[in-house]
Amino acid sequence: MKNITINYLQKAIKEIDTLPMGNSQKADRYFMKLIEEVGELSEVIRKDKRMKNNEIKNTVEEELYDVLYYVMCLANTYNIDLENSITLKENLNAEKYKRKSICEE
């Protein structure tokens, strides 16, 4: 199995994204899909539906990916480099909570 980085996933999703660039409603549509997927995630968590025997349909695992997918779509819409944002935010959190950053080697 290939190791998938945030950067790789974000670029791959950008390549398959079918909403046209410059669409003023693009971010709104992605945000609504994200909220829908968070709701579906809530439901499978409440029902404790976990993946068994690689059957991912209607599971926490499936819905977590769907949430991640739409987070990536939103980041792409705003031309945000998520890996950089992760590093910057993690460093802020480390300072705030007086701990070592998980981005440090």
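Our subject is the structure that appears above.
These remarks concern the structure in this document. (Residues numbered from 1 in each chain as written. Predicted model: local features only at pLDDT ≥ 70, side-chain atom pairs only at ≥ 80, totals over all residues. Heavy atoms only, no water.)

1. Observations concerning the nonpolar core
Okay, step 1: With 16 residues, the main nonpolar core has I13, Y70 and C73 as its most contacted residues.
Okay, step 2: Mapped by element, the contributors of at least two residues to this core are α1 (6-16), α2 (26-46) and α3 (60-77).
Okay, step 3: For this core, the element with the highest residue contribution is α3, accounting for eight residues.
Okay, step 4: Ignoring sequence-local partners within four residues, the contact set of I13 consists of Y65, Y69, M72, C73 and N76. (Core = buried A, V, L, I, M, F, W, Y, C linked by side-chain atoms within 4.5 Å. Buried < 20%, exposed > 50% of the residue type's maximum accessible area, 1.4 Å probe, protein only. Helix = DSSP H or I, 4+ residues; strand = E, 2+ residues; numbered from the N terminus. Contact = heavy atoms within 4.5 Å.)

2. Notes on the packing of α1 against helix α4 (residues 82-96)
Any two packed helices are characterised by how steeply their axes cross, that is the angle between the axes, and by the distance between the axes.
Okay, step 1: Where α1 contacts α4, the axes come no closer than 8 Å and their chain directions differ by 140°. Where α1 approaches α4, its residues I6, N7 and Q10 are matched on the opposing element by L82, E83 and I86.
Okay, step 2: The residue inventory of the contact of α1 with α4, partitioned by class, reads three nonpolar, two polar and one charged. (Axes fitted to C-alpha atoms, helices over the stretch in contact; angles between N-to-C directions. Nonpolar A, V, L, I, M, F, W, Y, C, P; charged D, E, K, R; others polar.)

3. Thoughts on the pattern of salt bridges
Okay, step 1: Counted under the stated rule, the structure contains seven salt bridges.
Okay, step 2: Notably, a salt bridge pairs K57 with E62, separated by 3.6 Å at the nearest N-O pair.
Okay, step 3: The class of K57 is exposed, set by a relative accessible area of 59%.
Okay, step 4: Under the relative-accessibility criterion, E62 is labelled buried at 15%.
Okay, step 5: Note that E90 and R99 form a salt bridge whose closest N and O atoms lie 2.5 Å from each other.
Okay, step 6: A relative accessible area of 37% places R99 in the partly exposed class.
Okay, step 7: A single salt-bridge network, built from bridges that share partners, covers K33, E36 and E37. (Salt bridge = Lys/Arg side-chain N within 4 Å of Asp/Glu carboxyl O.)

4. As for the environment of E36
Okay, step 1: Secondary-structure assignment places E36 in helix α2.
Okay, step 2: Of the residues examined, E36 reaches a relative accessible area of 39% and is grouped as partly exposed.
Okay, step 3: As for E36 and R99, which are separated by 63 residues in sequence, their C-alpha atoms are 34 Å apart.

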